[in-house]
Amino acid sequence: MGTSKKVITREEWEKRLSDVKIRKEDMNKLVMNFLVTEGYVEAAEKFRMESGTEPDIDLATITDRMAVKKAVQCGNVEDAIEKVNDLNPEILDTNPQLFFHLQQQRLIELIRNGKIEEALEFAQEELAPRGEENQSFLEELERTVSLLAFEDVSNCPVGELLDISQRLKTASEVNAAILTSQSHEKDPKLPSLLKMLVWAQNQLDEKVTYPRINDLSNATLEDPVHLQSHQQNSIQKERQWAVRLCYGPHQTNLLQPLAHLSLLSNFTQM
Amino acid sequence: MNSSNGNNGNNNSFDRLSQDLGLHFLELVRIGSSKAPVEIDDAAPNELNTINSSAGFLVVAPDKLSVKYTGVNLHGHDVGVVQANNPVPVKRLVYYFEIYVKDAGVKGQIAIGFTSEGFKMRRQPGWEVNSCGYHGDDGLLYRGQGKGDAFGPTYTTGDTVGGGINFGSQEFFFTKNGAIVGTVSKEKEMNRCLFPTISVHSQNEEVHVNFGQRKFAFDLKEYEAQERLNQQMTIEKTSLPPNISYGIIRAYLLHYGYEDTLNSFDLASKSTIPPICIAQENGFDDQDIMYALNQRKTIRQLIRNGEIDAAMNKLRDWFPQIVQDDKSAACFLLHCQKFVEFIRVGALEEAVKHGRIELAKFLGLPEKDNLFDALVMDCVALLAYECPQESCFGYLLQESHRDVVADTVNAMILSTNPKMKDVRCLQSYLERLLRQLTACCLERRLANGGQGEAFHLCRLLN
């Protein structure tokens, strides 16, 4: 099974790891990129002061962008639209889908606040014309308007539109559009790198046995094990769990009198 | 790293630890003095190989970038074949070259492709094993045998035809007048050393070749970008545990002692909608890296501002074991930095005085393996220049060097934590993850016969 694969020992792998050259500056840039893209202005400022790393975008623009995002997250869509246009009128002009989603959010908020007449008027005047131009807009519009048909909106099939997650989705879309208009990538680089690590390890698994990092949150290397001993490890773990269950959390010593073995025997049949 | 139970044992292992650290960071200084790591690929083909070609059947122009058929074309063994001067370089995502058909001659039996080193230089590429060729007269692709497969259009006078290898997808691909006509898997010829090859076989045929000296008809950059994007999209589908990035950033800030940033970061994550809570269950063991956070921040700031004396005083107060031994790596780095700071402000006399008192004793120490010597010599050399920042030792005067010193001291403080398990804990999680990523990509490439791109963080960031 795994025997035809090349095996790299822990020692050998650690040597390779120590041969890798990672520059502190580059790691700092990654961190700054994260802070800036996520919109943490103060943190980015402090990081610039503490580490000397220059942000890859003007920090002043972050505050504006965050104000727009916040406005949408709080349901103040009109305010958000005004702010976006102040920032850069081209954003909404060149982004009909975004504009539609913002208008849709406005409609949702009107419905949420029980302003039925206003909602209908708004839907007819502002959204219906957009719906005529575009099939998917029309479908979205119909879904949104159907909220009005239900007494108990929390239980209706389109109830999710009223959920905060809908606001967050729209907020995220606006955030991304602003970043793109500023020629900045809309996503931070760090999550992509983490995904790349997971992917690279999975790819490498096909050909090589080597120490892996299975838990990204503590970045510890785990020794390469052959499949058999790995199974044995999990059997051991099961036994320990069983002992703990029967005898309390402090009993993990498996060298107990033989009488207890009969209880464990069920778990050894793996 | 073994840790004994007695206090004495701890001191010994700490000394060893701080020594290892010191030497490790001296290496980093050396790295810091060089530019970002650039991978050196093999020399790319840039002209035709006039030595190894079917000389009787073709003639190569003096610029070694075009050929004309001079044979008679009686049978299948008098093809005029020529390879490039160098094999295809493999440590990249894509390799590509083009030919321009100046004259398709009587029969238009031109081919472009790739052949291995010992190829019979009188046969069309693709007619022999370990070769492939896209032929102009029939538009077929030949892969190691006399019968070809339907592949693309024919091509003739005035056409620009390109041949390439995509190491990511392990495929050959060919283009005609800027558009891809087809691809084919490269499996069989995988670990062979391949040469870009062109051939002519009937009277008056003339072909010019372009190895990248001129603009290609095909948009290679766009193709590469698209390939990278496709790969990126596949990778993006991977799922990650929630909020993992936040946790890693937080651990990074804690590790290096960026206390103010950390506080702002925590505040900001709490007020995000929805608030981000990085719970202990995620495995972040704050205790180890929370250690001496404020003191580490203070000392880092002092070093970054060039206030070395103040930094050393704080160390004496708070962590005397680090600066106890006057010949320790920590003392060495700090004394060197003080010297550099004198140079920075032009106080050359003070620098010399300081050097005589504090630096001279580090020269010629046997166990330090010449690293101490090298750094002392670099520092002292700064004295010789009117504009030291512009000299090759100028790296010592850069911000990034102050950062190396600050990082070293930070690591040494962390190592005084009795809970600190071993040297490996002295790298932030982020650094460990990035090293693992780089090593995996390199090993993966190795498993692929050494072909393809490696992972370079700096390329991704710029």
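Shown above is the structure to which this text applies.
These numbers were taken from a predicted model, which means no experiment stands behind them. (Residues numbered from 1 in each chain as written. Chains lettered and ligands numbered in written order. Predicted model: local features only at pLDDT ≥ 70, side-chain atom pairs only at ≥ 80, totals over all residues. Heavy atoms only, no water.)

A. Inspection of the pairing of strand S13 (residues 194-200) of chain B at higher detail. Residues and elements named next belong to chain B. The element S13 is extensively covered by neighbouring structure, given that seven of its seven residues are classed as buried. Neither face of S13 is exposed, since Leu194, Pro196, Ile198 and Val200 on one face and Phe195, Thr197 and Ser199 on the opposite face are all buried. As paired elements, strand S4 (residues 80-84) and S13 share four bridges and run antiparallel to each other. Paired with Val81 across the strands is Ser199, a residue of S13. (Buried < 20%, exposed > 50% of the residue type's maximum accessible area, 1.4 Å probe, protein only. Helix = DSSP H or I, 4+ residues; strand = E, 2+ residues; numbered from the N terminus. Pairing = 2+ DSSP bridges.)

B. The arrangement of helix H9 (residues 135-145) of chain A in detail. Residue and element names in this part refer to chain A. Listed as buried for H9 are Phe137, Leu141 and Thr144. Along the axis of H9, the buried residues cluster in a sector spanning 65°; they form a single face. In H9, the exposed positions angled more than 90 degrees off the buried face are occupied by Gln135 and Glu142. Packed against the buried residues of H9 are helix H7 (96-112) and helix H8 (116-133). (Arc of directions from axis to C-beta. Contact = heavy atoms within 4.5 Å.)

C. Region of interest: the sheet that holds S4(B). Residue and element names in this part refer to chain B. If you trace the seven strands from one edge of the open sheet to the other, you get S1-S4-S13-S6-S7-S8-S9, paired in antiparallel fashion. Since the sheet does not close on itself, it has two edges, and those belong to strand S1 (48-53) and strand S9 (149-150), each with one partner. Bridging between strand S6 (residues 111-116) and S13 involves six bridges; their strand directions are antiparallel. Within S13, the residue paired with Ile112 across the bridge is Ile198.

D. Spotlight on the pairing of strand S7 (residues 131-135) of chain B. All names here are of chain B. Most of S7 sits out of view: five of its five residues are buried. Alignment of S6 against S7, held across five bridges, turns out to be antiparallel. If you follow Gly113 over to S7, its bridge partner there is Gly133. In this sheet, strand S8 (residues 140-142) lies alongside S7 in antiparallel orientation, the contact comprising two bridges. Across the sheet, Gly133 pairs through a bridge with Tyr142, a residue of S8. The hairpin turn running from S7 into S8, its antiparallel successor, is four residues long, and Gly139 in that turn takes a positive phi close to 70°.

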